[in-house]
Amino acid sequence: MGIRGKDLFDVDDLEASDVKEIFERAQFFKRHGLQKWTSLKGKSICTLFFESSTRTRISFELAAKRLGADIINFTASTSSLNKGESFKDTVKTLDAMGIDLYVIRHSEPGSPVMMKKYTNSPVINAGDGVHAHPTQALLDAYTIWEKFGNFNIKIVIIGDILHSRVARSDAKLLKMLGADVTLAGPESFVPSYFENYGVRISHNIEKSISESDIVMGLRVQLERQSGGFFPTLDEYNEFYGINSKRMKMAKNPIFMHPGPMNRGVEVMEEVSDSDSSAVEEQVTNGVFVRMALLDLILGGVTN
Ligand code: CP
């Protein structure tokens, strides 16, 4: 079946065989480096970012351009939404101009599903509130696959799990692929209901790090908090920050972070900028994974 013509709201929309196909296509593109393709020539892709982004928006734009597609960036602040036009009419208007695929980021969970009510074109979720970030999960999993060749690994994801769409999508996808996943941090950030994802919960980050092949840090999402989760940023760093002393407790200390990072809060530069850091590889892989997704969903022919 594959993912041709499909939406991507979260990783649940994918079978393991789809993930394999995406990884193989991403690997194919990566082998060819910065080569440009014409497989999506004549296709129009529209990104709608109602929330800030650097990595996701630019990598989708680069991915579309490298495949020969036309890419349009919808800017909410200068659109007719400001004149009171509804979201429904906005999407219907874009559709009437012939958009073949939408990429949407929004602070409200479920926005991509709502968008789909007004269009027949595929919709990719580029992050909806605290709910899901499936393309980040795919690029994180791809980075692990590239390094280890399989998912027989232990990973601990440390930080603001409560407010993290990345933690939710990563946990689901990595579990589906067979990884041993622990979510760790202070109790206020890692409530016990996360066990429903089939992962381990830990409030002892040093023990979790010592048992893991990969340590993933997550940003403390100051913009999604009303306070009261921890006393001060300095104390958060002292008790839960990822530093070189803690990383030396790991078996094979690969550090990952979806970005953006709060340096000196959830991670120290001695780790984020070290040889064990895969942060920039994650960003590089994000372009190739998004190329693979766009190519497969829109039915491009690349080889
Ligand atoms: N990881 C991630 O989603 O980063 P951006 O917010 O910069 O897109």
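Our subject in this report is the structure included herewith.

The rules we used
Residues numbered from 1 in each chain as written. Predicted model: local features only at pLDDT ≥ 70, side-chain atom pairs only at ≥ 80, totals over all residues. Heavy atoms only, no water. Pairing = 2+ DSSP bridges. Helix = DSSP H or I, 4+ residues; strand = E, 2+ residues; numbered from the N terminus. Axes fitted to C-alpha atoms, helices over the stretch in contact; angles between N-to-C directions. Buried < 20%, exposed > 50% of the residue type's maximum accessible area, 1.4 Å probe, protein only. Right-handed = clockwise from strand over helix to strand, strands pointing away. Near = heavy atom within 4 Å. Polar contact = N/O pair within 3.5 Å; in protein donor to acceptor, adjacent residues only side chain to side chain. Areas by Shrake-Rupley, 256 points an atom, 1.4 Å probe, with all protein chains shown as cover. Domains from an automatic or database assignment. Phe/Tyr/Trp six-rings, centres within 6.5 Å; stacked < 30°, edge-to-face > 60°.

One open sheet accounts for 4 strands, arranged β2-β1-β3-β4; its pairing is parallel. Unpaired on one side and paired on the other, β2 (70–74) and β4 (123–128) mark the two borders of the sheet. Recorded for the sheet is a direction-independent mean angle of 15 degrees between the axes of neighbouring strands.

A few words now on the sheet that holds strand β5 (residues 154–158). With parallel pairing, the 5 strands of this open sheet are ordered in space as β7-β6-β5-β8-β9. Sheet topology places β7 (200–202) and β9 (254–256) at the edges, where each strand pairs with a single neighbour. In this sheet, adjacent strand axes meet at a mean angle of 25 degrees when their direction is disregarded. Sheet analysis places β5 next to strand β6 (residues 180–184), joined by 5 bridges and oriented parallel.

Here the focus is the pairing of β4. Across the 6 residues of β4, 6 count as buried, placing the element largely inside the fold. Pairing analysis gives 4 bridges linking strand β3 (residues 101–106) to β4, with the strands arranged parallel. If you follow Val-103 over to β4, its bridge partner there is Ile-124. For the handedness criterion, the β-α-β arrangement of β3, helix α4 (residues 111–116) and β4 is classed as right-handed.

Right, let's talk about the pairing of strand β1 (residues 44–49) for a bit. The buried fraction of β1 amounts to 6 of the 6 residues, a majority that puts the element mostly inside the structure. Pairing of β1 with β2 involves 5 bridges; the strand directions are parallel. Across the sheet, Ile-45 pairs through a bridge with Ile-71, a residue of β2. Crossover β1 to β2 through helix α2 (residues 55–66) is right-handed. Pairing of β1 with β3, which is carried by 5 bridges, proceeds in the parallel orientation.

This paragraph deals with the site of the ligand. Taken together, Ser-53, Thr-54, Arg-55, Thr-56, Arg-105, His-133, Gln-136, Pro-258 and Gly-259 make up all the residues around the ligand. Residue His-133 places a side-chain N or O atom 2.9 Å away from an oxygen atom belonging to the ligand. Contacts to the ligand include Gln-136, whose side-chain N or O atom sits 3.0 Å from a nitrogen atom. Expressed as a share of its isolated accessible area of 260 Å², the protein-covered part of the ligand is 92%. When residues are assigned to domains, the shell around the ligand turns out to be shared by domain 1 (11–132 + 283–297) and domain 2 (134–281), each giving three or more.

Here we take up the packing of aromatic side chains. Tallied over the entire structure, the rule returns 14 aromatic pairs. Measuring from ring centre to ring centre gives 6.4 Å for Phe-23 and Phe-151, while their planes differ by 35 degrees; the resulting arrangement is tilted. You can see Phe-23 sitting in helix α1 (residues 16–31) and its partner Phe-151 sitting in the loop between α5 (134–148) and β5, a full 128 residues away along the chain. Each of the two residues, Phe-23 as well as Phe-151, counts as buried. Ring geometry for Tyr-236 and Tyr-240: centres 5.7 Å apart, planes at 35 degrees, overall tilted. Highlighted residues: Tyr-236 and Tyr-240, both in helix α8 (residues 233–240), separated by 4 residues, approximately one helical turn. An aromatic cluster is built from Phe-23, Tyr-142, Trp-145 and Phe-151, whose rings are joined through pairwise contacts.

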